[in-house]
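# Structure at a glance
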Amino acid sequence: MSALLAIRALSASVRAAGGRASAVERVDLELAPGESLALVGESGSGKTLTALAIPNLPPPGVVYTGSVRLAGAEVLSATRAELDRLRGRRVGVLFQDTSAALDPLRTIADQVAAPARRHLGLAARAAEQRAVELLARLSLPDPERAGRAFPHELSGGMRQRAALALALAAEPDLLVLDEPTSALDPASTAAVLAFVEAERARRGLALLVVTHDLAAVAGRVERLLVLYAGRVVESGPAAAILARPAHPYTLGLLRSLPARARRGQRLATIPGSPPSLAARPAGCPFHPRCGLARPLCTAAIPPLAPTDAPCFGTGRAVACVASAEVRAP
Amino acid sequence: MSPTRWILGRIAWMFPTLLGITLVVFLAVHAAPGDPAAALEDAVDGALSQTEAAERVARVRAEHLLDASLPRQYLHFLGPFDLSPRGHPWFGGSGEERWHGLLAFDFGDEFGRPGVPVAREITRRLVVTVPLSLAALLVAYLVAIPLGAWSALRDGTRRSAGVAGLLLLLDAMPTFWLALLAILALGPTGLDLLPVFGLSSSAKADAGLLERALDVGLHAVLPVLVLAAGSLAWLARHVRGSLLVELASDYARMARATGASEREVVWRHALPNALLPVLTFLGGVLPALVGGSVVVESVFGIEGLGRYAYEGLLRRDLNVILATTTLSAVLTLLGILLSDVAYAFVDPRLKPGGRRG
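Everything numeric in this text was worked out from a predicted model, so none of it was measured. Numbering of residues starts from 1 in every chain and runs along the sequence as written. Both sets of labels track the order of writing: A upward for chains, 1 upward for ligands. Per-residue local features are limited, in this predicted model, to residues with pLDDT of at least 70; the limit for side-chain atom pairs, both in listing and counting, is 80 or more; totals at the level of whole chains, interfaces and linings are taken over all residues. Hydrogens and water molecules were not included; the side-chain quantities draw on all heavy atoms of the structure.

## Examining the overall build of chain B
Strands here are runs of E lasting at least two residues and helices are runs of H or I lasting at least four, both read from the DSSP assignment and numbered beginning at the N terminus. Each helix and strand counted, chain B has 14 helices and zero strands in total. Scanning chain B from its N terminus toward the C terminus, one meets helices and strands in the order α-α-α-α-α-α-α-α-α-α-α-α-α-α. In this scheme, a residue with accessible area under 20% of its type's maximum is buried, one over 50% is exposed, and one in between is partly exposed, where area comes from a 1.4 Å probe on protein chains only. Burial analysis of chain B (357 residues in total) assigns 42% to the buried set. Within chain B, residue pairs in contact and separated by at least 24 positions form 62% of the contacts whose partners lie at least 6 positions apart. The protein chains shown are the only cover counted for residues, whose accessible areas, like all others here, come from Shrake-Rupley with a 1.4 Å probe. Summed over all atoms, the accessible surface of chain B reaches about 18500 Å², with 67% contributed by carbon and sulfur. We call two residues in contact whenever any of their non-hydrogen atoms come within 4.5 Å of each other.

Dropping the structure here:
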């Protein structure tokens with residue numbers, strides 16, 4: 001099956017002191033219909049900027065280069081009219097902060113109906129009917145009334161699900177969730193995941209999750225892409241990576257999960273902090289914080305390459321010269 | 001609570017508020033330096049003999065209770081009973097003038113012109129000032145909203161920056177200076193396009209109705225435009241800033257992410273949200289009918305309410321000062337009420353008596 005989403009050599013440059021700095025460096029990514037993938041990394045790793053390139057909605061001051069093909073259309077060079085046809089229909093986005101994602105002056109049903117009217121050509125009444133059904137499927141209590149309500153009349157959790165309904169209203173092929181665990185409360189998260197699972201089974205909805213929280217996506221996505229300082233440092237099947245990481249940074253992330261720590265034991269942390277945009281170290285950007293660093297690491301950036309070591313399994317790629325020495329968590 | 005009850009409640013609260021305001025105004029006027037009767041004496045000086053002038057001052061003092069105690073003067077001003085020597089018999093008056101004061105809408109005669117009731121003079125001038133101010137208001141809103149919106153939508157372009165700069169300049173320009181510039185440029189000394197004094201020409205007094213109406217209209221052009229200019233600039237800058245904020249909001253980004261065109265983002269979402277705060281300013285407009293036109297009416301020689309209040313202040317005519325100040329207080333209260341009611345009907349977050357989030 002051809003890819004639904006194909007990102008090639010995506011870079012994102014941002015304004016920085018004395019010129020522009022690269023916040024995302026040549027990221028490649030592919031996603032088939034119905035597939036699920038998580039972009040994982042600390043804040044500043046470029047994971048959100050990578051995801052926002054899919055609907056081509058860069059924050060002010062960010063410029064993308066490279067190629068993003070979504071459902072056969074090139075997104076980065078598309079006109080606004082072309083983008084309007086893709087956004088909502090091919091890709092739905094739930095942004096990190098959902099508290100203000102709804103227009104305070106319009107009812108929920110009115111807003112959720114808009115994408116269906118726009119993309120599916122539904123009449124106003126039919127679209128609002130569908131909106132209420134969608135709210136019901138997202139387990140909103142009393143969906144009829146929620147549809148007639150204004151955003152301020154709903155609780156925070158209900159607003160989050162209403163925002164998700166808005167993102168999904170025109171049945172997009174791909175759903176992008178930016179930091180869902182910070183945007184959604186646990187009840188909403190459960191409702192969302194159940195709904196997304198059902199939609200994947202029903203019509204092949206693909207899922208791209210952006211998160212810093214490995215525990216939240218463990219067992220819920222098929223593939224992982226680990227980003228550090230704007231670059232992909234490791235990619236592959238989620239289960240295999242979680243069982244046996246090939247990059248010391250992934251190992252550090254895994255070790256710092258609270259669930260892994262034994263009671264009474266200090267939680268492991270990755271020493272140091274992610275490099276700032278302006279002061280990226282030479283060579284592998286992770287080497288100042290890496291326990292396995294060697295002289296070679298400061299010389300050149302290791303390229304992301306498939307690993308054929310049998311202990312990692314198939315479909316893995318890593319950007320590290322010392323991956324053979326990374327132990328199981 | 002039903003909306004009607006909510007509005008009635010708001011109106012009921014206006015009365016104690018107004019009572020408080022009248023007390024403060026009354027005390028402020030009496031605390032201010034200067035003797036109104038003495039000011040009158042200065043004014044008539046020369047025209048009358050010394051004894052005649054002294055007699056007249058004494059008559060004014062007696063008629064307007066200037067020698068009575070402050071509480072008595074205040075009650076006289078508040079009404080509805082006339083407490084002067086010629087007032088209601090219950091209070092020792094002769095009974096010629098039973099009713100007086102705010103509650104009877106009778107503020108007495110002008111100090112300087114016996115037989116000219118302040119209330120009648122105010123009514124006469126309201127007929128001039130209200131249409132002028134409403135026209136100016138209409139011009140200001142009709143120009144400011146599209147201009148501010150245009151400038152926000154073209155933000156970052158040179159033309160938008162130019163417009164924003166001009167608006168700032170206009171906003172900062174004193175009204176009297178703008179009025180003088182307009183007179184110099186368009187009046188008889190400049191291009192001689194428009195009349196610059198009064199609201200009608202005496203030459204047209206006998207002309208037909210249509211011609212007289214046209215004459216008044218031409219006279220009103222400059223005062224209306226100058227009156228509109230200040231609030232127009234200020235309003236347009238507000239619309240611009242407000243719309244820029246809304247265009248960068250989370251819900252606008254969410255709308256774009258679902259495929260809304262920029263036209264849809266602006267008209268369906270950003271503009272209604274941006275215009276909400278502008279609605280509040282409408283409340284400030286009613287009192288501006290009195291205050292805002294002082295300068296313009298003076299410069300253009302129009303016999304309006306603002307000029308009346310100003311002249312009354314110069315003459316220390318207590319009746320005029322108290323009446324015009326109270327009127328602007330009432331208008332302020334009404335303006336606040338109107339904008340609250342309008343807001344409650346437009347913004348779902350403020351449904352009167354409704355559920356609150």
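## Remarks on the pattern of salt bridges
All names here are of chain A. Put simply, a salt bridge is a Lys or Arg side-chain nitrogen that is within 4 Å of an Asp or Glu carboxyl oxygen. Counting across every chain of the model gives 31 salt bridges over all chains. Across the salt bridge formed by R223 and E35, the nearest N and O atoms sit 2.7 Å from each other. Placement of the pair is R223 in strand β9 (residues 223-228) and E35 in the loop between β2 (19-31) and β3 (36-40), with a sequence separation of 188 residues. According to the relative accessible area criterion, R223 is partly exposed, its value standing at 23%. A residue is classified by how much of its surface remains accessible, and E35, at 17% relative accessible area, is buried. The shortest N-O distance in the salt bridge between K47 and E179 comes to 3.7 Å. Remark: E179 occurs in the loop between β7 (174-178) and α7 (180-183) and K47 occurs in helix α1 (residues 47-52); sequence separation between them is 132 residues.

## A short note on the sheet that holds strand β1 (residues 5-16) of chain A
Residues and elements named next belong to chain A. Any two strands between which DSSP finds at least two bridges are classified as paired. As summarised here, the arrangement of the four strands in space is β2-β1-β4-β5, forming an open sheet in which the pairing is antiparallel. Each edge of the open sheet is held by one strand with a lone partner, namely β2 and β5 (73-74). Pairing analysis gives nine bridges linking β1 to β2, with the strands arranged antiparallel. Bridging across to β2, A6 finds its partner in E30.

## A look at the interface of chain A and chain B
It is common to give the size of an interface as the accessible area that goes away when the parts come together. The interface is formed by 28 residues belonging to chain A together with 23 residues belonging to chain B. By convention, the term buried area covers the 1.4 Å-probe accessible surface removed from two parts as they join, with the contributions of both added. Counting each side, the surface lost to burial between chain A and chain B is near 2500 Å², with a carbon and sulfur contribution of 55%. Ranking the residues of chain A by area buried against chain B places L105, R118 and H152 of chain A at the top, with a combined share of 26%. Inspection of the chain A/chain B interface yields three salt bridges. Notably, a salt bridge pairs D110 of chain A with R268 of chain B, separated by 3.6 Å at the nearest N-O pair. Counted as a polar contact is a pair of N or O atoms within 3.5 Å, where, for protein atoms, one must be capable of donating a hydrogen and the other of accepting one, and residues adjacent in sequence contribute only when both atoms are in side chains. Connecting chain A to chain B are 11 residue pairs in polar contact (both at pLDDT 80 or more). Contributing elements (two or more residues each) for the side of chain A that touches chain B: α2 (80-86), β6 (91-94), α3 (108-120) and α6 (156-168) of chain A. Examining the composition of the side of chain A that touches chain B, we find that five residues originate from one element, α3 of chain A, more than from any other.

## Here we look at the pairing of β7 of chain A
Residues and elements named next belong to chain A. Burial within β7 is extensive, with five of its five residues counted as buried. Pairing of β6 with β7 involves four bridges; the strand directions are parallel. From the neighbouring strand, L94 faces β7, where its bridge partner is L177.

## Topic: a nonpolar patch on the surface
Residues and elements named next belong to chain B. Surface patches are defined over residues having more than 30% relative accessible area and no salt bridge, joining like charges when they lie within 9 Å and nonpolar side chains (Val, Leu, Ile, Met, Phe, Trp, Tyr) when within 5 Å. A surface patch of nonpolar side chains, about 430 Å² in accessible area, is lined by F176, W177, L180, L181 and V295. Tallying contributions element by element places helix α7 (residues 175-186) first for the nonpolar patch, with four residues. With a relative accessible area of 40%, L180 lands in the partly exposed category.

## Brief notes about the nonpolar core
All names here are of chain A. Among buried residues, those of type Ala, Val, Leu, Ile, Met, Phe, Trp, Tyr and Cys that are joined through side-chain atoms within 4.5 Å constitute a nonpolar core. Residues L5, L174, L208 and L224 are the most contacted members of the largest nonpolar core, which totals 96 residues. A total of eight residues in this core trace back to one element, the largest contributor, which is α6. Those residues in contact with L224, other than ones at most four positions away along the chain, are A38, V40, L214, V217, E234, S235, G236, A238, I241 and L242.

## Here's the deal with the confidence of the model for chain B
Residue and element names in this part refer to chain B. The predicted model of chain B has a mean per-residue pLDDT of 82, with 91% of residues at 70 or higher. pLDDT measures how confident the predictor is about each residue, on a scale from 0 to 100. Looking across chain B, the model is least confident in helix α2 (residues 36-44), with a mean pLDDT of 64, and most confident in helix α9 (residues 250-257), with 96. Interface confidence in the predicted complex, given as ipTM, is 0.91; pTM for the same model is 0.82.

## Some words on the sheet that holds strand β10 (residues 231-237) of chain A
Residues and elements named next belong to chain A. In spatial order, the strands read β6-β7-β8-β3-β9-β10-β12-β11; together these eight strands make up an open sheet with mixed pairing. The open sheet is flanked by β6 and β11 (305-306), the only strands paired with a single partner. Bridging between β7 and strand β8 (residues 206-211) involves five bridges; their strand directions are parallel. Across the sheet, residue L174 finds its bridge partner in β8, namely A206. Helix axes are fitted to C-alpha atoms over the stretch in contact, other axes to C-alpha atoms as well, and angles between N-to-C directions run from 0 to 180 degrees. The strands touched by α6 within the sheet are β6 and β7, with β6 carrying the most contacts at an inclination of about 165 degrees.

## Here's the deal with the state of the cysteines
Residues and elements named next belong to chain A. For this text, the term disulfide refers to a pair of cysteine sulfurs within 2.5 Å. The tally for this structure, following the rule as stated, stands at zero disulfides over all chains. Of all cysteine sulfurs, the one in C284 lies closest to C297, which takes part in no disulfide; the gap is 5.9 Å. In this structure C297 comes out as buried when scored by relative accessible area, which is 10%. Its sulfur unpaired, C320 is 6.0 Å from the next cysteine sulfur, which belongs to C290. Look at C320 and you get buried, because its relative accessible area is 18%.

## Considerations on the packing of aromatic side chains
In this description, a pair of aromatic rings is defined by centroid distance and the angle of the planes. Aromatic rings from Phe, Tyr and Trp, with only the six-membered ring used for Trp, were paired whenever their centres fell within 6.5 Å, and each pair was classed as stacked if the ring planes differed by under 30 degrees, edge-to-face if by over 60, and tilted otherwise. Evaluated as defined, the whole model comprises nine aromatic pairs over all chains. Grouped by ring-pair contacts, the aromatic residues Y228, Y249 and F286 of chain A constitute a single cluster. Charges are assigned to positions over rings by a cutoff of 6 Å between ring centre and Lys NZ or Arg CZ, combined with an angular limit of 35 degrees from the ring normal. Directly above the aromatic system of F95 of chain A lies the positively charged group of R253 of chain B, at a separation of 3.7 Å from the ring centroid.

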